[in-house]
Structure formats: structure tokens, C-alpha cells
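Architecture at a glance
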Amino acid sequence: MEVQELKKRFIEIYGGTEEGLRVFESPGRVNLIGEHTDYNGGFVLPAALTMKTTVVARPRTDRRVNLAATDLDFRVSASLDSLDEYKDLKWGNYQLGVADELQKAGYPLVGCDLLYDDTVPHGGGLSSSAAIEVATALALATLSYEANGIKKEVDMIEMAKIGQKAENNYVGVNCGIMDQFASAMGRKNHAIFLDCRDLSYKLVPLNLKGCKIVISNTNKKRSLASSKYNERRSECEKGLKILKTVLPQATCLGDITYEQFTRYKDLIENETVRKRVEHVISENDRVKKSVEALYEDDLAEFGRLMIQSHNSLRDLYEVTGIELDTLVEEALKIEGVIGSRMTGAGFGGCTVSIVKEEAVDDFIEKVGAKYFDRTGLKASFYASEVGDGGKEIKQA
Ligand code: GLA
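Residues numbered from 1 in each chain as written. Predicted model: local features only at pLDDT ≥ 70, side-chain atom pairs only at ≥ 80, totals over all residues. Heavy atoms only, no water.

1. A look at the site of the ligand
Around the ligand, a shell composed of R29, E35, H36, D38, Y39, C175, G176, M178, D179, Y229, G344 and A345 is seen. Here an oxygen atom of the ligand and a side-chain polar atom of D179 are 2.6 Å apart. Y229 places a side-chain nitrogen or oxygen 2.6 Å from an oxygen atom of the ligand. A total of 310 Å² of accessible area belongs to the ligand in isolation, and the protein chains cover 93% of it. (Near = heavy atom within 4 Å. Polar contact = N/O pair within 3.5 Å; in protein donor to acceptor, adjacent residues only side chain to side chain. Areas by Shrake-Rupley, 256 points an atom, 1.4 Å probe, with all protein chains shown as cover.)

2. Some points on the environment of L72
Within the fold, L72 resides in the loop between strand 4 (64–69) and strand 5 (76–79). Taking the relative accessible area as the measure of exposure, L72 reaches 27% and is therefore partly exposed. In this structure, the C-alpha to C-alpha distance between L72 and Q103, residues 31 residues apart in sequence, is 27 Å. (Helix = DSSP H or I, 4+ residues; strand = E, 2+ residues; numbered from the N terminus. Buried < 20%, exposed > 50% of the residue type's maximum accessible area, 1.4 Å probe, protein only.)

3. Describing the pairing of strand 6 (residues 112–118)
Burial runs high along strand 6: six of the seven residues are buried. Two strands pair when backbone bridges link them, and strand 3 (residues 46–59) and strand 6 are joined in this way by seven bridges, in the antiparallel orientation. The residue of strand 6 that forms the bridge with T53 is D118. In this structure, strand 4 lies alongside strand 6, joined through five bridges in parallel fashion. Among the inter-strand pairings, N66 is bridged to a residue of strand 6, identified as D113. (Pairing = 2+ DSSP bridges.)

4. Comments concerning the packing of aromatic side chains
To describe a pair of aromatic rings, one takes the distance between the centres and the angle between the planes. This model, assessed by the stated rule, comprises nine aromatic pairs. Judged by centre distance (5.3 Å) and plane angle (65 degrees), the ring pair of Y39 and Y229 falls under edge-to-face. Residue Y39 is located in the loop between strand 1 (22–31) and strand 2 (43–44), and its partner Y229 is located in helix 6 (residues 225–244); the two are separated by 190 residues in the primary sequence. Residue Y229 is classed as buried on the basis of its relative accessible area of 11%. Their ring planes at 85 degrees and their centres at 6.0 Å tell us that W91 and Y116 sit as a pair that is edge-to-face. Placement of the pair is W91 in the loop between strand 5 and helix 2 (93–104) and Y116 in strand 6, with a sequence separation of 25 residues. Judged by relative accessible area, W91 falls into the buried class, the value being 12%. (Phe/Tyr/Trp six-rings, centres within 6.5 Å; stacked < 30°, edge-to-face > 60°.)

5. What to know about the side chain of N93
Take N93: it is sitting in helix 2. Residues within four places of N93 in sequence aside, it is in contact with Y86, K87, Y170 and V171. (Contact = heavy atoms within 4.5 Å.)

6. Some words on the sheet that holds strand 7 (residues 190–195)
The strand order 2-7-8 describes an open sheet built from three strands, whose pairing is antiparallel. The outermost strands of the open sheet, each flanked by one partner alone, are strand 2 and strand 8 (200–205). Of the pairings in the sheet, the one linking strand 7 to strand 8 comprises six bridges and is antiparallel in character. Residue pairing for strand 8: I192 is matched across the bridge by L203. Packing against the sheet, helix 8 (residues 271–295) makes contact with strand 2, strand 7 and strand 8, and its axis sits at approximately 40 degrees to strand 8. (Axes fitted to C-alpha atoms, helices over the stretch in contact; angles between N-to-C directions.)

7. Observations regarding the packing of helix 10 (residues 322–332) against helix 11 (residues 360–375)
It is at 9 Å that the axes of helix 10 and helix 11 come closest, and there the two elements cross at 140 degrees. Considered as vectors, helix 10 and helix 11 are oriented oblique to each other. Seen along the crossing, helix 10 lies across helix 11 with a hand that is right-handed. Counted together, E323, T326, L327, E329, E330 and A331 of helix 10 and F363, V367, K370, Y371, R374 and T375 of helix 11 form the full contact between these two elements. Its residues placed into classes, the contact of helix 10 with helix 11 shows five nonpolar, two polar and five charged. (Parallel < 35°, antiparallel > 145°, perpendicular 65-115°, else oblique. Left-handed = near helix turned anticlockwise from the far one by under 90°. Nonpolar A, V, L, I, M, F, W, Y, C, P; charged D, E, K, R; others polar.)

8. Brief notes about the environment of F10
Relative to the elements of secondary structure, F10 occurs in helix 1 (residues 3–14). For F10, a relative accessible area of 0% gives the class buried. The spatial distance from the C-alpha of F10 to the C-alpha of R58 is 9.6 Å, given a sequence separation of 48 residues.

From the geometry alone we can't say anything about function, so treat these as descriptive.
Structure, rendered in C-alpha cells:
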């Protein structure tokens, strides 16, 4: 929805006038490479999308936070003094989790009315939840600073951390920092090369030389994804514990080189754990090589690394499944495809492919048809551009 239309909807729902309404937005993300490395202190290379969450906001004089969305016919009303009560909400828990974490971090929150509009597909692995979290954090922090006369810019990295904490502590999903960081800190036509150990990062120009980023959604209903995600995390922790017996200075798998892994891998007797660790450490190397390839304008090498990443996620980390594998296999049969891999947590969700512009239509038609033949599911395709991170939309 356009901002003007959104403001009108806001007035229909909450009353009053348009004066003083504030508009904030934050995007979804696609991860180009570096999967399941963030919670292991590794590198990732995500980019912010132009699909996003927009939120219209207005402060209130009481301590209530009211939530509404353009695509939902119910509303949520919560008190800032009893935020523990809303953890089980089906919708609204991400927002209230953010409010809870902001308060715990000392932000002097004020009550407010909020209206949400989303263009990131829900549950598709493009971080619709991070988009909501970061947009909410920015809106609430901005309004609370102003209401209390605090003249300070909202720190976007801080907002990313608040979003992750909300998801970990309030929603109960043990995710890493990548999604919220990309949503908060993205830049148009750039990828973010992020070191998850200390959150140092570089914006890497994405010169795709006549290629497009095509996202293909398996549209598979994800079940058990968060329990399997947590299982992978604990397998990595087990592997680290063993490797630390010979590499005591390592604080995370991201501290361990592939050469060290090869030297000591036999210490990890459990084959599953060994495979998980090998994925993480080799993937970390691939992220570094991908960034070099981008700086050297070597898109073909970048594509090869994407394919290796997918194979490792399929064979070593075992988070792909028939739907994601089929999309990647069919994509790689199309002339003009430079690389293709699953993106996000896996177990369903989306793939990301780099496709020559003139081959995009052929890609969508052929991959869509083959995927349907082989799985009985209809895929969706998005040729989203790379956009900016979270910000306030200031209108003239
Ligand atoms: C999900 C999580 C991220 C990251 C990816 C896998 O998107 O939210 O933190 O772990 O999975 O790379």
C-alpha cells in the first residue's frame, strides 16, 4: 500500500487526523552465501530486499500499545506494564517482544497506535519477522526518545540486537543476528559482509553485470523447522567443545580454519557432528572467497561458490529437502543461470539464483513447470531489487 493510503487506513482504524503520523519501514533479506554460520561466529553475506514492512505510528498519552495490520481483521491491545502476558499471540508477539526488550534495555517507551503493512511473504525464509522486529524497534525507540526530549539518533545496530533478543527470548526462536542486521543495515545495491563474532561489517557493491537476483519460493509448509534448527545449533556446540580440547583459544567455529579442521577432524567421532562442523567451517571460507570474487568482478566464481554452498547444506548440514533441491537442480539446467542455492534456515523456504536478465522469463516458466511436475507444488518467483535498510520515511 502507498504511504498516503496507509495513513488513511490508520485514521479509519484509530481516528484523529493525519497530522503527526510517522512512517517507518524495514526490509526482508536474502542471504547470498554464508548459511548457518551466524550463530557459529562466522561470516555471512546477506542483502536487504525492497520487499518490506511499513509501519504508521502515533504516540498515545497512556501506556497502551495498539497493533493493527492492513491484511488482518483483528487488532491487539497490550499494556506496556504487563508485556509478559502476550507471548502466545499468533500475531503481535514479535512487536510486543521488541517492546519488552526495549524496556529491559532502558528505553523509556510511550504507548502508541501502530498500523502494519507487509510485502515480505510470510514464512518463506525472507525474514518477514526480522522486518517487523526492526521496523517496530525503530518506531518505538524514535517515539520514546521524542516523548522524553532525548535528542539522539536511534542506533540501528542496537535495533537489530533488540529484534534478535525479542525473537530469542519472547517468541522462543533461537536465531542468530544475520536477518535483523541485514534488515537494519542494508544498503541499495550492496551486500553486507558481516563478521558475526563482533558485528564488524563492510558494504560490498553488487555489480551483477546484467544479471538479476531471482528468489524462488518452495511454498512448502515448514514444520519442525525451529526444532531442527536448534538441533543443528547444539550439534555445532558439541563439535566446538571437542575441537577446543586441541584449539583452546577458539571461542566459536568461526575461529577455526579449514586447515585446522582437517588436522583434527578425527577427534570428532560422531559422523553427524563432524559433517555439521565441516559445513560451517568450509562455508565460512566460501563467504570470504565470494567477497573476493565480487571485488574482482568474477561473477562466474561467485556462482560456483553458491552451488558448492548448496551442496554442502544438502549433504553435510542436511537442511535442504526435496523441494529446495529440486528448485536448485532445475535452475542449474537453465542457460543463463550463474549460480543457485537455498537461502535462510532451509527445510523449505526459498532459493536464490543469479540469472542473466534475458533468461529470467525462461527461468520462471521452466523451473516453475518442472518443480510442479516433480513435487506437486506451485513455486512463486520474485525478482526483487536490493534495497535500503530500516529508516523513517520523511515526506515533504
Ligand atoms: C535463519 C536465522 C538466521 C540464520 C539462518 C541460517 O534465517 O534466523 O539467524 O541462522 O537461518 O543461515
